[in-house]
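Fold and geometry: a report
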Amino acid sequence: MSTTNASRGSFEAYLTPLHYEEERLRDPKSVANLPPSSYLDTYYSAVASEKLLLAEAVVSDVLDIFEGTDATRNHILEDILSNDMWLLKRETVLRMLETLRDSSSDALGPLLMRNDGNIARKMLDSVDIQDTDRPFLRLLYPFLLERLKTIRNPRKLKTTTFKPPFLIYATFAALQKLLVMSFHEQAIGLFQALVQTGYTPTEALHNIDNSSGNPALIVSMAVIRSCIYWNWRALAAAFMTELIMKHPPTKSIIDLNIDAIYALLNTHPTARDIRACGHLIRRIHTHSPVPDSIIRLFYNRAMTAEAKEEAEDLYMFTRSQKVRDTHHYPPPHDVALPWLLDHLAMTSSQTHLARTLSTEAAQDGLHIPAPYRAQFIARVASLGYAVPARALWERYATGKDGVVVAGSSALMIRMVSLHWNVHKSSLGKANAIRGKEGSEIEFKRLKDNSNDAAAFAEHVRLAFGFHHAPLAQAHHWHLTSLARACFIVGKISEGYQALRYLIDRRESPDLYDVNVALSAVAQLNPHLASQMIQRMTDIGLRPDGVSFGTALHYAVIQGDREVVDEMIERIRNLDDARISVKTLTNLVHASLALEKHGSQEEIHRTLTNILYLINSFPNINMSSQTQLAKALVYAALRAKDGVIAFNLWNSLLRKGAQWDDIEQQRLRHSIAFLIKQPSFPLPEDKDDMLAQLGIKRMS
């Protein structure tokens, strides 16, 4: 130890935490001889601010470069170890303790043996073996043995709520480390001391199998029962894992493992407890599958603790082929079933497990509590699993609680949409092979599938209507959902009749639902969608930009120019309040896409319509849509239409574009080139246009 300044007994000036950090960065030696308060204030300030590096640096300075006396150094280390050393690394704490030992500090024993067991808990907290464990246990062991001789015996305390001091927990943790590292003699010594002080309960010593003749095994089993008794669940799990790994599981070990699992799941388990429990289940499975009751309890407790990943891990394990070949574990039951499905469908990356669970629920007749049935089946349908969704709907749509399934708006829409898509898909595949040699059987199968799916979608729709009859008195959202389903399956008049009930009651139908339905119709037939928009207007609905944009989009995809022109004309007549920048941009993109490979004449007509459309909404600022504006100008240039190119540039790019940008300069010169042509249709405007483009006028 350095005692350079021992005789001087004086320190340099006190440094504040801020100045300490600055001085240390400038010259580490500048903080070698400060008052203890400088080190301690800086350290505790770093801890309060969670500055790990600075806290470590202060302790390192005290250990390595401090020029004061050993006693002063020890005082600083003792203060930190007594109050707050949780932020420090284990390696740093070990160095501090070894420094106190090497200087024969009288404070080392009391620090290690405090009832709160802070230092031992810090050093032994990890169930995995750390590099610091061996040297720390050498420090701790003799003090621990001596302290156990004087600690209170719980049998002599007249209380039913006694909890051992943390030092006893640290003793059990030390015992676990000693067993893992095969320091059996020391482990047995600690165990005997715990028995003598009463912290190994008599209950833990009963039914211990001594037939193995292995002292370490006997100690491990007794210690596990002691941890269960004191409700130290994580420590019990750590002991149990090590026991299974090191010893061939006998009946007594298997029974003890079951007890440990129940202890982990018993009352208010944490996610950590759930994780440890899953680990024990997987560890013991190859030797003896755990009872089904434990698996069901596991899922229920995992749900309560929101331990989603742990439940997923266990379900994936139990559904692996290797496990299924030897044993069938039950799935989640009751409310844990929809809870796990929601996780697998929405937040898990293992989405195939959602199909497995859905299929299991349908095929094995798993019970779904009535309040969760509609949500569960809707989730299955939203994933596209038509077969299990249908089986579950058919099981639960009738009987006492049938209305919660057959009468659910959200579920009805999901089921109708899913099975109508199955109908269309099968029909499309059937039509693709119609008349091909050798395809008769497959064609018939696909046609039958198509007809069956369509009939089932209609059955779901009609069942929903039946439960909410008479429709004239049905709730608003039931009618809009029914209308939407009607539109999906092509029952247009029936859909409008559902909306008519609302109009007759002077209620406004939900335009969102109507637009979703319109999308389904437009995919099938843009002309039908156009008629639907007209009917919306007739019954008092006000179609918006989304309504027209939807019809326009699918008309463009299907190349239906008549509907495209009609929609653009209708959109021009809307007021600004019903059109947003996004809607207008989408409409322009859709119009432009239709003429991507058209003739010059067709492109000219489309661009004229687009320009007129944009100018119809002067209050909508399109200046931010630079890429779209450039695409329109380039289209006009390819069509050799100087007038449209100039007008588009003037309306969309002139104010917002960077004037000296190279691309913008080329664009203006390309427009000017068309304007200068003898054939330009507006000769009297040429000079003015060129001036606005910043191009020299024609002589």
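Only a predicted model underlies this, so the values are computations on that prediction, with no experimental measurement involved.

About the cut-offs
Residues numbered from 1 in each chain as written. Predicted model: local features only at pLDDT ≥ 70, side-chain atom pairs only at ≥ 80, totals over all residues. Heavy atoms only, no water. Helix = DSSP H or I, 4+ residues; strand = E, 2+ residues; numbered from the N terminus. Rg over C-alpha atoms; globule rule 2.2 N^0.38 Å. Buried < 20%, exposed > 50% of the residue type's maximum accessible area, 1.4 Å probe, protein only. Contact = heavy atoms within 4.5 Å. Areas by Shrake-Rupley, 256 points an atom, 1.4 Å probe, with all protein chains shown as cover. Core = buried A, V, L, I, M, F, W, Y, C linked by side-chain atoms within 4.5 Å. Axes fitted to C-alpha atoms, helices over the stretch in contact; angles between N-to-C directions. Parallel < 35°, antiparallel > 145°, perpendicular 65-115°, else oblique. Left-handed = near helix turned anticlockwise from the far one by under 90°. Nonpolar A, V, L, I, M, F, W, Y, C, P; charged D, E, K, R; others polar. Salt bridge = Lys/Arg side-chain N within 4 Å of Asp/Glu carboxyl O. Phe/Tyr/Trp six-rings, centres within 6.5 Å; stacked < 30°, edge-to-face > 60°. Lys NZ or Arg CZ within 6 Å of the ring centre and 35° of its normal. Expected span 1.5 Å × (residues − 1). Polar contact = N/O pair within 3.5 Å; in protein donor to acceptor, adjacent residues only side chain to side chain. Disulfide = S-S within 2.5 Å.

**Here we look at the overall build of the protein chain**
From N to C terminus, the protein chain includes 37 helices and zero strands. The C-alpha radius of gyration of the protein chain comes to 39 Å, more than 25% above the 27 Å expected for a compact globule of 699 residues. Taken along the three principal axes of its C-alpha coordinates, the protein chain extends 105 × 80 × 55 Å. Out of the 699 residues in the protein chain, the part that is buried amounts to 50%. Once local pairs closer than 6 in sequence are excluded, the contacts in the protein chain between residues at least 24 apart make up 67%. Of the accessible surface of the protein chain, which amounts to about 33,800 Å², a share of 51% is contributed by carbon and sulfur atoms.

**Some remarks on the nonpolar core**
If you look at the biggest cluster of nonpolar residues, it comprises 152 residues, and the most contacted ones within it are Ile119, Phe136, Leu175 and Trp393. It is helix 9 (residues 166-180) that provides the largest number of residues to this core, a total of nine residues. Apart from residues lying up to four places away in sequence, Trp393 is in contact with Ile377, Val405, Ala406, Leu411, Met415, Phe456, His459, Val460 and Ala463. The next biggest cluster of nonpolar side chains, apart from the first, holds 67 residues, and it includes Ile492, Leu518, Ile571 and Ala657.

**Details of the packing of helix 8 (residues 133-148) against helix 9**
The relative placement of two packed helices is expressed as an angle between their axes plus a distance between the axes. In contact at an axis separation of 11 Å, helix 8 and helix 9 are set at 130 degrees when each is read in the N-to-C sense. With respect to each other, helix 8 and helix 9 are oriented oblique. When you trace helix 8 past helix 9, the crossing you get is left-handed. Contact residues: Asp133, Leu137, Leu140, Tyr141, Leu144, Arg147 and Leu148 in helix 8; Leu167, Ile168, Thr171, Ala174, Lys177 and Leu178 in helix 9. Residue classes in the contact of helix 8 with helix 9 are distributed as nine nonpolar, one polar and three charged.

**Remarks on the pattern of salt bridges**
Applying the stated criterion across every chain yields a total of 23 salt bridges. The shortest N-O distance in the salt bridge between Asp273 and Arg233 comes to 3.2 Å. On the criterion of sequence distance, the pair formed by Asp273 in helix 15 (residues 271-285) and Arg233 in helix 13 (residues 233-246) is long-range, its members being 40 residues apart. Both residues of the pair, Asp273 and Arg233, count as buried. Here Lys246 and Glu242 are joined by a salt bridge, their closest N and O atoms 3.5 Å apart. Linking Lys246 with Glu242, this pair stays in helix 13, spanning four residues, or about one helical turn. With relative accessibility at 39%, the residue Lys246 sits in the partly exposed group.

**Observations concerning the packing of aromatic side chains**
Applying the stated criterion to the full structure yields twelve aromatic pairs. Residues Tyr20 and Tyr39 carry aromatic rings whose centres are separated by 5.9 Å and whose planes lie at 75 degrees to one another, so their mutual orientation is edge-to-face. Of the two residues, Tyr20 sits in helix 1 (residues 17-26) while Tyr39 sits in helix 2 (residues 36-48), which places them 19 residues apart along the sequence. By relative accessible area, which is 0% here, Tyr20 ends up buried. Taking the centre distance of 5.3 Å and the plane angle of 65 degrees together, the rings of Phe172 and Trp232 count as edge-to-face. Residue Phe172 is found in helix 9, and its partner Trp232 is found in the loop between helix 12 (215-229) and helix 13; the two are separated by 60 residues along the sequence. Taking the relative accessible area as the measure of exposure, Phe172 reaches 0% and is therefore buried. Residue class for Trp232 comes out buried when judged on its relative accessible area of 13%. Between Arg668 and the ring centre of Trp659, over which it is positioned, the NZ or CZ distance is 4.0 Å.

**Re helix 34 (residues 626-638)**
Note that an α-helix has 3.6 residues per turn; residues three or four places apart therefore point the same way. End to end, helix 34 covers 18 Å across 13 residues, agreeing with the expected 18 Å (1.5 Å per residue, within 8%). Along helix 34, the residues that are buried comprise Leu628, Ala629, Lys630, Leu632, Val633, Ala635, Ala636 and Leu637. Taken from the residues just after helix 34, Lys640 is the one with a positive phi, measuring 55 degrees.

**A look at the packing of helix 24 (residues 409-433) against helix 25 (residues 440-467)**
At their nearest, the axes of helix 24 and helix 25 sit 8 Å apart, and the two run at 160 degrees to each other. Considering the angle they form, helix 24 stands roughly antiparallel to helix 25. Viewed along their axes, helix 24 and helix 25 form a crossing whose handedness is left-handed. When grouped by side-chain class, the residues that make up the contact of helix 24 with helix 25 number 16 nonpolar, six polar and four charged.

**Section: helix 36 (residues 662-675)**
In this model helix 36 runs 20 Å from its N-terminal to its C-terminal C-alpha over 14 residues, within 8% of the 20 Å that 1.5 Å per residue would give. At its buried positions, helix 36 is contacted by helix 34, helix 35 (642-652) and helix 37 (686-693). For helix 36, the N-terminal capping position is held by Asp661, with its side-chain oxygen 3.1 Å away from the main-chain nitrogen of Glu663.

**Details of unusual backbone geometry**
With an omega of -5 degrees, the peptide bond running from Ala469 to Pro470 counts as cis. Notably, Glu50 is not glycine yet its phi reads approximately 60 degrees, a positive angle. You will see that Ser104, though not glycine, has its phi angle at about 55 degrees, which is positive. With respect to the helices and strands, the residue Ser104 is situated in the loop between helix 5 (90-102) and helix 6 (108-112).

**Notes on the state of the cysteines**
Tallied over the entire structure, the rule returns zero disulfides. Cysteine Cys227 shares no disulfide, and the gap to the nearest cysteine sulfur, in Cys277, comes to 16 Å.

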